[in-house]
Amino acid sequence: MKASNALWRDHLADQMPESLAREIDIFETEIALRKQGKLDERLFAETRLRRGTYGQRYDNGQRHDGEKVQQLNFPAGALTKGPNTMWDAPGMQRIKIPAGGLNAAQLETIAELAEEYSDGIAHVTTRQDFQLHFVHIENTPSLMRRLAAAKITTREACGNSVRNVTACPYAGVCQDESFDVTPYARALSRFLLGHPDCQNFGRKFKPAFSGCSQHACGLTSLHDLGLIAAKRLNPETGKEEIGFEMYVGGGLGAVPYQAKLFSSFVVPQELLPLAQAIARIFARYGEKKNRNRARLKFLIQDLGIEKFRSLVHEERKLLPFDSRWTEYITQSLESTESPARVGGELPELVTIGAGEADTENFKKWLKFNTRPQRQPGYAAVTVALPLGDITANQLRALADIVRRFTRETIRTTVEQNFLIRWVSKPDLLELYRALDAVGLGDHGAGALVDIAACPGTDTCKLGISSSRGLAAELRKRVSEKGFQCDEAVQNLHIKISGCFNSCGQHHVADLGFYGVSRKIGGYAVPHFQVVLGGEWEHNAGAYGLPIVAVPAKNIPQVVSRLTDRYVAERNSGETFKEFVKRTGKTALKSMLEDLTRPPAGDRSFFSDWGDPRAYSLGDMGVGECAGEVVSPVDFGLAQAERELFEAQLAFEKGEIQEAGKRALGSMVTAAKALVKFENPDIGDDPDTIISEFRIRYHDTQKFFDPFAGGKFANYLFDAYSRSGQPYSSESSRYLLDEAQLFIDAAHSCSNRLETVVAA
Amino acid sequence: MADNTSFLLSQMMAELSLELEHINFKLLLKNPADVDLEAVIPVFHSWIQDQVCDELLLDVADYRHVKAGPGIVLIGHEADYSLDNTDDRLGLRYNRKATMEGNNQERLEQALGAALSALERLENEPSLAGKVGFDGRELEVFINDRLLAGNREGREQLQRELRTLLGKLLVGGAYSLSYAADPRRLLGARIHCQRDFSTADLLKNLEAGRIDEFRGPSPPDSNPYS
Ligand code: SF4
């Protein structure tokens, strides 16, 4: 805990907006009450989450040190900051940046906080937020006060609330946009922050804006509320007017949902009231008890989009008038960005600075990291951050750079980078030099090397495999391979999540990966599911499906093989998604088949990327990997995987009913495999299997995921209860994902069972 | 004149009340290009396993992908240890996070002692094959709390405190101090020794608490790191 904590409140008293200052005082009081045992730990957990203060891995006070579970004996002893969350355990602080917009002074503030309260690194997330890791709970009020003085809040950065309102970082300068969505994103963010109608959600609610439908920058399809800028001729006046296509109910998570069209045109003055009405309907009818069905997407699935739409419109009529609906937009429209310097053209390049190598790097940087603005003479420049990480010194240097070249503004992007806009083109070389001097001149923004990854096992409590470790390794190898790669490969997107929750957005990547564990020879081995067929463009236009789980250490080979084959066999102009579809998942899976097993005797496969500890020594015991011991459960689960793969193939062929049936069948097979572990005489009757599975694994909670609880078992029960009904394309698609998650959970359950038996 | 006097008085008061907490020491490494940071990761994990330091050790963070960044950080509750590459200068860094009892000298000695002990441990770590070693001449010190000790306001007092500390540490050796030009940086100083010291020497000197009469040359007023 910092010695200066007692001083910041007074020091910044006249610099903080009153509402934020009061909010932080309240939080500080809650911290004190919790320490005295006068505030329940569950309540305190929700209150800190709503201030963006998350838990981190090992915060239950235990850590597997590679040999045994080690108790971490924190000085505050048994005091907790939430169920199973020790008071002293370091946590993560998320910082909301509406539309990703920052100024130079705010960059400097974040630099100071990263240095003084974290480990010197600020991390840009896939939703344009910042995250600081390893922060002590008692330092958070000071940290928040310093942010408040810089006009930044952490309020509702986590918890069951309206999360950061994201927006296309090119808004206002993009050649393809209908209009600049920034003022509307800011107005919506301001209006919904702390709004009484948004305080009773069962889960989070994520809004996003995009300036067009064809590019990916806003990713509106995967948000609870997606708004795409649109123009039309007013049916009454015949004049052109601006508005929004409004989408609702999108979301990634374990089973991804594409947002559904709510309205093809919402006029700006209706944007805030309609969002408010949606929030009210979500709060009133959304699931509250079962977190796993509490996102807006499930409410819309249950009600149907028509019914949902009519409920919202009825609610809209009942809303009392609020002058902020238009005032906030008007106020936001008053502050738009403008250039600091006169625009122009970049002079012809022969060589720069130190010679040809530098010139080549600059040319690559120009190609990948810059984009002409719609305003002639200006470019928008992407500052590529490795894994979204930036140091305190680099943040300060970036502040200097934006002061020098722009009107002190910059944006974070959903690809975990920064975007500097309004750069006069003749300044590009100087800007590049300034960035390069502080290690921020990497080229390859948005390219294969620009890999997005969630925190994974590094810091996330739910992480199964090391997404950042894998991302760092792939980044290194792609960089080493250089940019001699084929042009088509250069622009592929790799995205990695540490688990099925998809914070790394693996569903919408060309090459997506999410962490799972598998048992090989009786030992737990970190794996990643390979997810193919996703689409980043068109605002995340399509979601990929997992085809096979591969040990983490073989994933670089998976990337090489798939990209090499794409280069060798693609038709002219064929995208990777089209190539995957044409080649077929069977062919692609079979070319990876040999990679699903570690090479004999290679023990490195039993630890994860960047983490030398044995992945789970409890499972490994002592000694070498001594050949395969395949239990009947393993056989059963392998069969279930096979059946699921066949279901996916049926789905691809358009055989929707067959796909649904086979997916359900694969779940029953996996359930049977587990039941067989306890009752070897179980037959093939599905009713008996489901009933025995319920009694033996669900009711005893043996199948329960440590964090998701009974969620995956419920996938089976729900699917089985609907088994007589026809499948729609959508429900069949969801079932494929649910079946994969159920089978993954069965593998985890099997690992746990065998550990208990071994012990 | 009166104004000037009261300004000086308030300056003196501020300096007198300056508490040095959250002290960081960084000991620069020799032949940084030879140091394989990846090899340090399992070593730090083993430190957690055996809880070899005075602080409760928790986790290892790998920032090798960030240029001139924190390198490999061993996260602890009361302090972090890292092989830190900030400013492209690789060194063993000790970052005291918890507050400490005692006076400024005692806190400086604690942080420096912890940094030296950790570096000595790495120097003797067989798996690192002698590749991690003190360069013998350069140390950095920072106060990681801007409100407690501002970059400019705290410099005079830090300098005084360092003189006392370095007198004990560098027995008979001359040294000079330099400071960061950028006022946004943490209060801190680079310490340049005029002759080589080993980690073991410095630890011994620190523990012995010998006070040498020698005082290093006055530090330059405010220069960029050189
Ligand atoms: S995807 Fe999983 S591991 Fe990654 S941040 Fe989300 S919950 Fe954590």
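Since this is a predicted model, take the numbers as computed values, not measurements.

**Topic: unusual backbone geometry**
Reasoning step 1: One non-glycine residue, A:N84, lies in positive phi territory at about 60 degrees.
Reasoning step 2: Its place among the elements puts A:N84 in the loop between β4 (80–82) and β5 (85–86).
Reasoning step 3: We note that B:D88 has phi near 60 degrees; this positive angle belongs to a residue other than glycine.
Reasoning step 4: Turning to its location among the elements, B:D88 is positioned in the loop between β4 (79–84) and β5 (91–96).

**A short note on the environment of A:G377**
Residue and element names in this part refer to chain A.
Reasoning step 1: With respect to the helices and strands, G377 occurs in the loop between β15 (370–372) and β16 (378–383).
Reasoning step 2: What makes G377 buried here is its relative accessible area of 5%.
Reasoning step 3: Sequence spacing of G377 and A437 is 60 residues, and the spatial spacing of their C-alpha atoms is 25 Å.
Reasoning step 4: When sequence neighbours within four positions are dropped, the list of residues in contact with G377 reads G343, G344, E345, V423, S424 and K425.

**Section: the packing of helix α7 (residues 268–285) of chain A against helix α10 (residues 324–334) of chain A**
Residue and element names in this part refer to chain A.
Reasoning step 1: Put simply, α7 and α10 touch, their axes get as near as 8 Å, and they point 125 degrees apart. When the interaxial angle is binned, α7 and α10 end up oblique. Handedness of the α7/α10 crossing: right-handed. Together, P268, Q269, L272, P273 and Q276 of α7 and R324, W325, T326, Y328 and I329 of α10 make up the contact between the two elements.

**A few points about empty space enclosed by the protein**
Reasoning step 1: Summed over the entire model, instances satisfying the criterion amount to eight cavities of 30 Å³ or more.
Reasoning step 2: For the largest cavity, the calculated volume is near 380 Å³.
Reasoning step 3: Taken together, 29 residues make up the lining of the largest cavity; nearest its centre are A:E115, A:G120, B:D84, B:T86 and B:R93.
Reasoning step 4: Taken together, the elements giving at least two residues each to the lining of the largest cavity come down to α12 (392–405) of chain A together with β1 (23–29), β4, β5 and β6 (134–143) of chain B.
Reasoning step 5: Per-element accounting of the lining of the largest cavity gives the leading share, four residues, to β4(B).
Reasoning step 6: Of the residues assigned to the lining of the largest cavity, the class counts are nine nonpolar, ten polar and ten charged.

**Comments concerning helix α4 (residues 104–117) of chain A**
All names here are of chain A.
Reasoning step 1: In a regular helix each residue adds 1.5 Å, so 14 residues correspond to 20 Å; α4 covers 20 Å between its end C-alpha atoms and thus fits that length.
Reasoning step 2: Of all the 14 residues making up α4, twelve are buried; the element is thus mostly covered by neighbouring parts of the structure.
Reasoning step 3: All of the buried residues in α4 are A104, Q106, L107, E108, T109, I110, A111, L113, A114, E115, E116 and Y117.
Reasoning step 4: Between the side-chain oxygen of the N-cap and the backbone nitrogen of A105 there are 3.2 Å, and the N-cap of α4 in question is N103.

**Digging into the interface of chain B and chain A**
Reasoning step 1: Across the boundary between the two partners, chain B contributes 37 residues, which contact 46 residues of chain A.
Reasoning step 2: Roughly 3500 Å² of surface becomes buried between chain B and chain A when both sides are summed, with 55% attributable to carbon and sulfur atoms.
Reasoning step 3: On the surface where chain B and chain A come into contact, there are seven salt bridges.
Reasoning step 4: Here B:R146 ties to A:E112 by a salt bridge, and the two come within 3.7 Å at their closest N and O atoms.
Reasoning step 5: Linking chain B with chain A are 17 residue pairs in polar contact (both at pLDDT 80 or more), by the criterion used here.
Reasoning step 6: Counting only elements with at least two residues in the side of chain B that touches chain A, the list comes to α2 (37–50) and β2 (57–63) of chain B.

**Describing the environment of A:K317**
Reasoning step 1: Following the sequence through the fold, A:K317 ends up in helix α9 (residues 305–318).
Reasoning step 2: Separated by 44 residues in the primary sequence, A:K317 and A:P273 have C-alpha atoms spaced 9.5 Å apart.

**Quick look at α7(A)**
Reasoning step 1: Over its 18 residues, α7(A) extends 26 Å from the first C-alpha to the last, a length consistent with the 26 Å expected when each residue adds 1.5 Å.
Reasoning step 2: Of all the 18 residues making up α7(A), 13 are buried; the element is thus mostly covered by neighbouring parts of the structure.

**Notes on the domain arrangement of chain A**
Residue and element names in this part refer to chain A.
Reasoning step 1: Examined at the domain level, chain A breaks down into domain 1 (5–149), domain 2 (166–333), domain 3 (356–437), domain 4 (447–629) and domain 5 (631–759).
Reasoning step 2: Relative to domain 3, the C-alpha centre of domain 2 lies at a distance of 31 Å.
Reasoning step 3: On the domain 3 side, the residues contacting the 13 residues of domain 2 number 14 residues.
Reasoning step 4: For the pair domain 2 and domain 3, the summed buried area comes to about 1200 Å², and 50% of that belongs to carbon and sulfur atoms.
Reasoning step 5: Considering only the side of domain 2, the residues that lose the most area to domain 3 are P169, Y170 and V173, jointly responsible for 52% of the buried surface there.
Reasoning step 6: At the junction of domain 2 with domain 3, the criterion picks out one salt bridge.
Reasoning step 7: R374 is the salt-bridge partner of E177, the closest N and O atoms lying 2.5 Å from each other.
Reasoning step 8: The interface formed by domain 2 and domain 3 holds nine residue pairs in polar contact (both at pLDDT 80 or more) in total.
Reasoning step 9: Tallied by class, residues from the side of domain 2 that touches domain 3 come to eight nonpolar, three polar and two charged.

Parameters and conventions
Residues numbered from 1 in each chain as written. Chains lettered and ligands numbered in written order. Predicted model: local features only at pLDDT ≥ 70, side-chain atom pairs only at ≥ 80, totals over all residues. Heavy atoms only, no water. Helix = DSSP H or I, 4+ residues; strand = E, 2+ residues; numbered from the N terminus. Buried < 20%, exposed > 50% of the residue type's maximum accessible area, 1.4 Å probe, protein only. Contact = heavy atoms within 4.5 Å. Axes fitted to C-alpha atoms, helices over the stretch in contact; angles between N-to-C directions. Parallel < 35°, antiparallel > 145°, perpendicular 65-115°, else oblique. Left-handed = near helix turned anticlockwise from the far one by under 90°. 1 Å grid on protein atoms, 1.4 Å probe; cavity = no way out; pocket = protein on both sides within 12 Å on 5 of 7 lines; lining within 4 Å. Points joined across faces, edges and corners; volume = space filled by probe spheres on them. Nonpolar A, V, L, I, M, F, W, Y, C, P; charged D, E, K, R; others polar. Expected span 1.5 Å × (residues − 1). Polar contact = N/O pair within 3.5 Å; in protein donor to acceptor, adjacent residues only side chain to side chain. Buried area = accessible area lost by both parts, 1.4 Å probe. Salt bridge = Lys/Arg side-chain N within 4 Å of Asp/Glu carboxyl O. Domains from an automatic or database assignment.

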